[in-house]
Amino acid sequence: CQMLTAPEPVAQALQLPAHARVQKAVRVRSTRAGALSHITTWVPEAAARGFGARELARQPILLLLEAAGVRIGRSTQQLSACLADAGIARHLGVDVGSALLAVSRLVMDEDERPVQWLHGLYRPDRYRYEMQSSRVGDVDAKVWVGKALHEPFH
């Protein structure tokens, strides 16, 4: 866990000016079965002032952000797959080249300001992503949507 100048892609994702400071935290999360995920989070300095490595080891980052006064609003998330490189394989206890679930999530506050950018790599044998969807729309345009999006469609 460290404070540093945001690399350009991080500054863009978090909608920060060039040379803005951010907290970068890298964590390996585990269960009784062993390592589950390798997660890197980026948080604007103002939002991360109240916590560091010690607090991140004890509590989920969203709870720490809320305790720091951030009002979490929504997030957007992308899922894909990637192969474990040597460093990630060592941290997660898998073979180099093993398939991993890759998650990228941008968390916004209630005022639509980005407050966290997360990149996570998950072992698919220890983590499962589940989503509920419903078929909505009229006969000519039935689509599958996430449960939370069901209401706006007619």
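Residues numbered from 1 in each chain as written. Predicted model: local features only at pLDDT ≥ 70, side-chain atom pairs only at ≥ 80, totals over all residues. Heavy atoms only, no water.

## So, the side chain of Ser-104
Heads up, the condition is: The numbering of helices and of strands both runs from the N terminus, where a helix is a DSSP run of H or I of at least 4 residues and a strand a run of E of at least 2. By definition in these notes, contact holds between two residues if any of their heavy atoms fall within 4.5 Å.
With respect to the helices and strands, the residue Ser-104 is situated in strand 5 (residues 99-109). Residues contacting Ser-104, with those up to four places away along its chain left out, are Thr-76, Gln-77, Gln-78, Trp-117, Leu-118 and His-119.

## Considerations on the confidence of the model for the protein
Which entries qualify depends on this criterion: In predicted models, pLDDT denotes the confidence assigned by the predictor to each residue on a 0 to 100 scale.
Looking at the protein, pLDDT values average 90 and 88% of them are 70 or higher. Across the protein, the element-wise mean pLDDT spans from 63 in strand 8 (residues 143-146) up to 98 in helix 5 (residues 86-92).

## Section: the layout of surface pockets
Rolling a probe over the atoms, with the probe sized like a water molecule, indicates the empty space that remains. Counted only if it meets this: Cavities and pockets are found on a 1 Å grid laid over the protein atoms alone: a cavity is a set of points where a 1.4 Å probe fits but cannot escape, a pocket is an open set with protein on both sides within 12 Å along at least five of seven lines, and a lining residue has an atom within 4 Å of such a point. Grid points are joined across faces, edges and corners, and a volume is the space filled by probe spheres set on the points. Under this grouping Gly is polar, as are all residues other than the nonpolar Ala, Val, Leu, Ile, Met, Phe, Trp, Tyr, Cys and Pro and the charged Asp, Glu, Lys and Arg.
Roughly 240 Å³ of internal volume is contained in the largest pocket. Lining the largest pocket are 14 residues; nearest its centre among them are Arg-29, Ile-39, Arg-105, Leu-118 and Tyr-122. Those elements that place two or more of their residues in the lining of the largest pocket are strand 2 (21-31), strand 3 (34-44), helix 4 (61-67), strand 5 and strand 6 (114-122). Taken together, the residues of the lining of the largest pocket sort by class into 8 nonpolar, 3 polar and 3 charged. Estimates place the volume of the second largest pocket at around 150 Å³. Contributing to the lining of the second largest pocket are Leu-14, Gln-15, Leu-16, Pro-44, Ala-46, Ala-47, Ala-68, Val-70, Asp-109, Arg-113, Pro-114 and Val-115. Of all the elements in the fold, those that place two or more residues in the lining of the second largest pocket are helix 2 (45-48) and strand 6.

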